Amino acid sequence: MNIQAAFPTKTQTPMREDISLDGTWDFRHELHSEWHKAQVPGHWQAQFSDLEVAFGRAHYARDITVPAGWADRDVALCFGAVSELAIIRLNGQEIGRHQGGYLPFEIAVPATFAGTTCRLEVETCLPDAHRPDDAPDFAEYPHGKQSWYGPQGGIWQSVVLQARAQSNISALRIDAHWPDGRVNLDITLSQPVRGSLRIEVIGPSGNPVHAATVSVEDARLRHALVLPDIVAWSPDTPALYSLRVILSLAGGDLDSRVESFGFRRIEARDGLLWLNGEPLYLRGALDQDYYPDGFGAPPSLALLEDQARKAKAMGLNCLRCHIKVPDPRYYEVADRLGLLIWSEIPNIETFSEAAAQRLRATMEGILARDRNHPSICIWTVINEDWGTRLREVAAQRAWLSDFVDWLRAEDPLRLVVDNSACFPNWHVNTDINDYHYYRTATDRREEWDALNEEFAGRADWTFGIGTDITHTGKEPLIVSEFGVWGLPQPDLLRDGGKDPWWMAYGATWGEGVALPQGVEARFRELGLAQVFGSFTAFIDQVQWHQWMNLKYEIEVMRRHPSIAGYVITEFTDVHWEGNGLLDMARNPRVFAPAMPKVNADIVISPGAVRHAVSAGQEVEFAVVVSTGGSRLPEGSTLNWTLAGRSGQQPLAAMGPMTAVSANAKILTDSSASTAREQAQFSVVAPDGTVLSSNDETVSVYGERQFTPLACATDDAMIADRLTALGHTITSPAEAQVFVTHKLDADRVEEIHGGARVLQLVAKAPGRLRDDVAPRDGPMSKQIEDLLGGMQSGSYFTFPGYQLVNRHRSIWRGDWVGNFSWLRRDDSFSHVPGGPLLDLSFIDVVPYQLMIGFRPWEFQGRIQAGLVVGWVHKPGAFILEKRLGRGKLVATTFRLNTHDAHVDPVATALYDGLMEMTRRE
């Protein structure tokens, strides 16, 4: 609701008068020799191409006129936020200064300036690591993700010249208590007065619900009132009340202040989150609060409203505004549209006494500005031990624990997280046991499953141990960061065909894989259009791959009712970081309409035991139905169907935050052709209402079409597998294909003479050659013998490439995305889906890959491989290379994980590899 419209002024003369100073200012950065024009509000990095990553000092200036009629009033320059240090001058005279880049401040204008036009100058400083004099080191002030995505300097929120009565309302704190309707008011005046305060409240329907007048005889008044029949605020019903306080003295009304508020209670007890007395399943996304053109400054209220609506449409009920104090409109939109906000203090880098004081001052400023917003439900003090060293320094643990206790007492209406933790750090004293971990399901499914099982069982790695640790064992469990990379469509981010400025940055992150610039050129250079059809199709498939992983990961978490919620990393892409549900321009990923399937209260986790079966086999689903914050009525049923075959199972009534297993088995048609089939699941209420639906895709492999070959091998286990797959074992001289784990000089000579060799690189550490020289050159020693050869040597040794382990490398499938693919033409046209690997490949996904290829080799020699991030670090899983009259095919796919015929994907890959090796 429009609270100003709800409270029309009762006098002809406004009680406060504002003159906006937003607009064009003169501007000069210390890197500039001349003055320029800059827009206020706005970061200088967003307005000048040569200042995109600039720290330093800058001056803003403009003329202002102070009306003569304001001579007897309290006049102030009101700044929304200036980053990081500000010195304010009028006609060269300093009138005030401020430190702190995220919060509002006011500077009194001396009465002598009334009736004059004067020059307003704002000197700002965004310090870096070498700032002298009065500027702190960058590491010691709360700066948040400026250390990641670039600095944000200047006057970035609105500036107003304001006149009000000398006696005015300087602060208004509203503590609204659900369910009793009690409202505690703490009103601070600019100076002691003897008068009255008129208090008026408008309800969510727009009608007055309370009016009273109370006497005031000091500079502070605490007053309580009780409203009847209150409506609770929640994401589903964001009911807002508006309160107006009017200060009156004998001469009449002097000043007024209007604030909105809501009745809601957030609690952490018995291992659960509770909102207004009901269990709450938190479905959040990490929001860095960055914008396409404004860095940390939102361009408009309309954009904030649009992104909030998109968040809710995807099933989110919370945004974790990440280590940043947002524009106040961010919270106002969340209040109105109904989103819970988990808010955080911007982090420091180096802990010191001064840094600790700044963190405390920042939190006090946040409370002063934002505490009346009902949407804010959680505060975080430290993120991932950034700036602190909790494991090593007891004094910092004590400081953090004391800070948490202070904040709980200062704001009892919200929950407090001490350190939003990740490996290897942990909690000290917290209301919520939250933890961050990242894995991709296709590459590291076993680790994801194990992490969630351990976390759901209250793993001992989430808290420190010792007398200075406060741990009840009943803190709600939240996976507060997890996620998977996709990539945005670059064309949707370009203005007139020009790359956004940030595409040139990111090369210092993730071994260079986060550099966006040139992504399409790299795609062309690697010939990946032969695999994906086009660059646009590649991006679409990458986004669906992101969804497949997110969907699986959420389903696994929902199988554990002790996990009370999660926060997806992240809501939007940020510059080079491509893991958003929306891109930087707020375009949703292609999968956005599908998200409510799993991003809801009642969720079906299909839990396919295997994602690939042979035709005629049974597909088994270990189904789990989870309720979240909802309830399941008696008489509901779980229904499923796959390829025309269906089933049903009754479900018992379920309360909130519970989960029940309901296995489903579906026999596939023995005559079915190879295809990707989608199983459909639904939970249906007794009245026919569909309460939840979901799907699970499985690959059904029809009858094998392969050519039996005469094979030779030097490994008994390989011989057994080849025989089981229908091939015959013969002598090397008579073999059509020789299959081996090993490659040495003798084998290379045989290839040169015409042999067809299939090399299965089986185990770590694994080597492409077993006869690598102990030295790479006359003076260089082999340091790590097990890894085989130094990198430069691989070029001179057939097949000319290096083998690397994915574990603990940029290729492992962790935070920055890997996009693994298999060509589905020619030898692998019988493998359904793709080109990106899906969940049916989990048992064969390689632990190793081959690198060192020339780009042109991807246009024929590489039949399966991967790229990382923005199409960097290309590698191969299947290599085809000729030598003399023969040929080598090498693969790192793990084809012998199970017995023959257990995994049809392994069999299909075997068939393709044998055919590829045999053919001319």
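Predicted model only: the values in this text are computed from it and were never measured. (Residues numbered from 1 in each chain as written. Predicted model: local features only at pLDDT ≥ 70, side-chain atom pairs only at ≥ 80, totals over all residues. Heavy atoms only, no water.)

K.L.:
Would you mind showing me how to read the overall build of the chain here?
P.N.:
Within the chain, the regular secondary structure consists of 13 helices and 52 strands. For 920 residues, the compact-globule formula gives about 29 Å, and the C-alpha radius of gyration of the chain, at 32 Å, lands near that figure. For the chain, the spread of C-alpha atoms along the three principal axes comes to 110 × 75 × 55 Å. Counting the 920 residues in the chain, one finds 59% classified as buried. (Helix = DSSP H or I, 4+ residues; strand = E, 2+ residues; numbered from the N terminus. Rg over C-alpha atoms; globule rule 2.2 N^0.38 Å. Buried < 20%, exposed > 50% of the residue type's maximum accessible area, 1.4 Å probe, protein only.)

K.L.:
Hey, could you run me through helix 5 (residues 353-370) in this one?
P.N.:
Each full turn of the α-helix corresponds to 3.6 residues, which orients residues three or four apart in the same direction. Its 18 residues place the ends of helix 5 26 Å apart at the C-alpha level, agreeing with the 26 Å of an ideal helix rising 1.5 Å per residue. Taken residue by residue, helix 5 has Ala-355, Ala-356, Arg-358, Leu-359, Thr-362, Met-363, Gly-365, Ile-366, Leu-367, Arg-369 and Asp-370 as its buried positions. Of the surrounding secondary structure, the elements contacted by the buried residues of helix 5 are strand 8 (93-99), helix 4 (328-337), strand 26 (376-383) and helix 6 (394-410). (Expected span 1.5 Å × (residues − 1). Contact = heavy atoms within 4.5 Å.)

K.L.:
What should I look at first to understand the packing of helix 5 against helix 6 in this one?
P.N.:
Angle between the axes and distance between the axes: these two values describe a pair of packed helices. Their axes nearest at 12 Å, the elements helix 5 and helix 6 cross at an angle of 15°. On the basis of their axis angle, the class for helix 5 and helix 6 is roughly parallel. As for the relative orientation of helix 5 and helix 6, their crossing is right-handed in sense. Here Ala-356, Leu-359, Arg-360, Met-363, Glu-364 and Leu-367 of helix 5 lie close against helix 6, whose contacting residues are Trp-399, Phe-403, Trp-406, Leu-407 and Glu-410. Considered class by class, the residues forming the contact of helix 5 with helix 6 number eight nonpolar, no polar and three charged. (Axes fitted to C-alpha atoms, helices over the stretch in contact; angles between N-to-C directions. Parallel < 35°, antiparallel > 145°, perpendicular 65-115°, else oblique. Left-handed = near helix turned anticlockwise from the far one by under 90°. Nonpolar A, V, L, I, M, F, W, Y, C, P; charged D, E, K, R; others polar.)

K.L.:
I would appreciate a short explanation of the nonpolar core in the present structure.
P.N.:
A general trend in soluble globular proteins is that nonpolar side chains are found buried together. By size, the foremost hydrophobic cluster in this structure holds 106 residues, and its most contacted members are Met-363, Val-381, Leu-407, Phe-482 and Leu-581. In contact with Met-363, other than residues within four places in its own chain, are Ile-345, Trp-379, Phe-403, Trp-406 and Leu-407. With 79 residues, the next largest nonpolar core counts Leu-760, Phe-819, Phe-828 and Ala-908 among its residues. (Core = buried A, V, L, I, M, F, W, Y, C linked by side-chain atoms within 4.5 Å.)

K.L.:
Looking at this structure, how should I read the sheet that holds strand 31 (residues 603-605)?
P.N.:
Strand pairs in the sheet, formed through backbone hydrogen bonds, run parallel or antiparallel to each other. Within the open sheet, the three strands sit side by side as 31-34-37. Their pairing is antiparallel. Edge positions in the sheet fall to strand 31 and strand 37 (659-661), since each has one partner strand and no second. Pairs of neighbouring strands in the sheet enclose a mean axial angle of 20°, with direction left out of account. As judged from the three bridges shared by strand 31 and strand 34 (residues 624-626), these two strands associate in the antiparallel manner. From the neighbouring strand, Ser-605 faces strand 34, where its bridge partner is Val-624. Those strands touched by helix 10 (residues 535-558) are strand 31, strand 34 and strand 37, and its axis lies near 100° from that of strand 31. (Pairing = 2+ DSSP bridges.)

K.L.:
Please clarify how unusual backbone geometry should be interpreted in this entry.
P.N.:
Leave glycine aside and you will find that most residues have negative phi; peptide bonds, for their part, are mostly trans. Here the residue pair Trp-178 and Pro-179 is connected by a cis peptide bond, since its omega of 10° sits within 30 degrees of zero. Structurally, the position occupied by Pro-179 is in the loop between strand 13 (169-177) and strand 14 (182-189). The omega torsion of the bond from Gly-834 to Pro-835 falls at 5°, within 30 degrees of zero and hence cis. When you line up the elements, Pro-835 lands in the loop between strand 48 (818-822) and strand 49 (848-851). Within the chain, Asp-385 stands out as a residue other than glycine whose phi angle is a positive 60°. Along the chain, Asp-385 turns up in the loop between strand 26 and helix 6. Since its relative accessible area comes to 8%, Asp-385 is described here as buried. Of note in the backbone geometry, Lys-873 takes a positive phi value of approximately 50° without being a glycine.

K.L.:
How do you make sense of the pairing of strand 7 (residues 85-90) when you look at a structure like this?
P.N.:
In the case of a regular strand, side chains alternate between the two sheet surfaces. Here strand 7 lies mainly inside the structure; six of its six residues are buried. Side chains of strand 7 alternate between two faces, with Leu-85, Ile-87 and Arg-89 and Ala-86, Ile-88 and Leu-90 buried alike. Where strand 7 and strand 8 come together, six bridges link them in antiparallel fashion. Within strand 8, the residue paired with Ile-87 across the bridge is Arg-97. Between the end of strand 7 and the start of strand 8, which pair antiparallel, lie two residues, with Asn-91 showing a positive phi angle near 50°. Relative to strand 10 (residues 117-126), strand 7 runs antiparallel, the two being bridged by six bridges.

K.L.:
Even after reading the chapter, I still don't get the environment of Leu-526, so can you show me in this structure?
P.N.:
Relative to the helices and strands, Leu-526 is located in the loop between helix 8 (519-525) and helix 9 (529-532). In the structure, Leu-526 is positioned 247 residues away from Pro-279 in sequence and 51 Å away in space, judged by C-alpha atoms. Excluding its chain neighbours within four sequence positions, the residues that come into contact with Leu-526 are Pro-855, Phe-858, Gln-859, Val-867, Val-871 and Pro-874.

K.L.:
What is the right way to look at the packing of helix 7 (residues 441-456) against helix 10 in this model?
P.N.:
Closest axis-to-axis distance for the helix 7/helix 10 pair is 10 Å, and the angle between their directions is 20°. When the interaxial angle is binned, helix 7 and helix 10 end up roughly parallel. For helix 7 against helix 10, the interelement crossing comes out right-handed. Counting all contacts with helix 7, which are made through Ala-441, Thr-442, Arg-445, Trp-448, Asp-449 and Asn-452, the residues of helix 10 involved are His-545, Met-548, Asn-549, Tyr-552, Glu-553, Val-556 and Met-557. For the contact of helix 7 with helix 10, the residue count by class is six nonpolar, four polar and three charged.

K.L.:
What's the story with the pairing of strand 50 (residues 862-868) in this structure? I'm lost.
P.N.:
Of all the seven residues making up strand 50, seven are buried; the element is thus mostly covered by neighbouring parts of the structure. As judged from the five bridges shared by strand 50 and strand 51 (residues 872-883), these two strands associate in the antiparallel manner. Note on strand 51: the bridge partner recorded for Ile-862 is Leu-879. Between strand 50 and strand 51, which pair antiparallel one after the other, the connecting turn spans three residues, and Gly-869 there sits at a positive phi close to 60°.

K.L.:
Just checking my understanding: could you explain the environment of Trp-342 for this structure?
P.N.:
Considering the arrangement of structural elements, one finds Trp-342 in strand 25 (residues 340-344). Look at Trp-342 and you get buried, because its relative accessible area is 0%.

K.L.:
Help me understand helix 7 in this model?
P.N.:
Helix length check: helix 7, at 16 residues, gives a terminal C-alpha distance of 18 Å against a target of 22 Å (1.5 Å per residue), a shortfall beyond 12%. The principal kink in helix 7, of about 40°, is found at Glu-447. What helix 7 keeps buried is the set Ala-441, Thr-442, Asp-443, Arg-444, Arg-445, Trp-448, Leu-451, Asn-452, Phe-455 and Ala-456. At its buried positions, helix 7 is contacted by strand 28 (433-436), strand 29 (477-482), helix 10, strand 30 (563-568) and strand 48. Positive backbone phi, approximately 60°, marks Arg-458, located one or two places after helix 7. (Bend = angle between axes of the 7 residues up to and from the residue.)

K.L.:
Even after reading the chapter, I still don't get the side chain of Ser-375, so can you show me in this structure?
P.N.:
Positionally, Ser-375 belongs in the loop between helix 5 and strand 26. Once residues within four sequence positions are removed from consideration, Ser-375 is found in contact with Trp-233, Tyr-331, Ala-334, Asp-335, Leu-339, Leu-340 and Ile-341.

K.L.:
So what exactly am I meant to see when it comes to the pattern of salt bridges here?
P.N.:
Charged atoms that come close allow side chains of opposite charge to pair. A complete count under the given rule lists 62 salt bridges for this structure. The partner of Lys-597 in a salt bridge is Asp-695, and the shortest N-O contact between them spans 2.5 Å. Taken as a pair, Lys-597 in the loop between strand 30 and strand 31 and Asp-695 in strand 40 (residues 690-701) lie far apart in primary sequence, 98 residues in all. By relative accessible area, Lys-597 is classed as partly exposed at 28%. Through salt bridges with shared partners, a single ionic network connects Asp-26, Lys-37, Asp-63 and Arg-119. (Salt bridge = Lys/Arg side-chain N within 4 Å of Asp/Glu carboxyl O.)

K.L.:
Help me out: how do you make sense of the environment of Gln-678 in this one?
P.N.:
Along the chain, Gln-678 turns up in strand 39 (residues 675-684). You can call Gln-678 partly exposed: its relative accessible area is 39%. Between the C-alpha atom of Gln-678 and that of Thr-697, which follows or precedes it by 19 residues, the distance is 4.3 Å. Not counting residues within four places of it along the chain, the set of residues in contact with Gln-678 comprises Thr-641, Leu-642, Asp-695, Glu-696 and Thr-697. Within polar-contact distance, the side chain of Gln-678 engages the side chain of Gln-680 at 2.6 Å. (Polar contact = N/O pair within 3.5 Å; in protein donor to acceptor, adjacent residues only side chain to side chain.)

K.L.:
Would you mind showing me how to read the sheet that holds strand 20 (residues 266-269) here?
P.N.:
Across the sheet, which stays open at both edges, the three strands sit in the order 20-21-22 with antiparallel pairing between neighbours. Of all the strands in the sheet, the pair left with one neighbour each is strand 20 and strand 22 (278-280). Mean inter-strand twist for the sheet, computed between neighbouring axes without regard to direction, equals 40°. By the bridge criterion, three bridges tie strand 21 (residues 272-275) to strand 22 in an arrangement that is antiparallel. Across the sheet, the residue bridging to Leu-275 is Glu-278, located in strand 22.

K.L.:
Help me understand the confidence of the model for the chain in this model?
P.N.:
It should be kept in mind that the predicted coordinates are not to be read in detail where pLDDT is low. Confidence along the chain averages 92 in pLDDT terms, with 95% of residues attaining 70 or more. Ignoring residues within four places in sequence, the model shows residues 1-13, a span with pLDDT below 50, making 23 contacts including any to other chains. (pLDDT = per-residue confidence, 0-100.)

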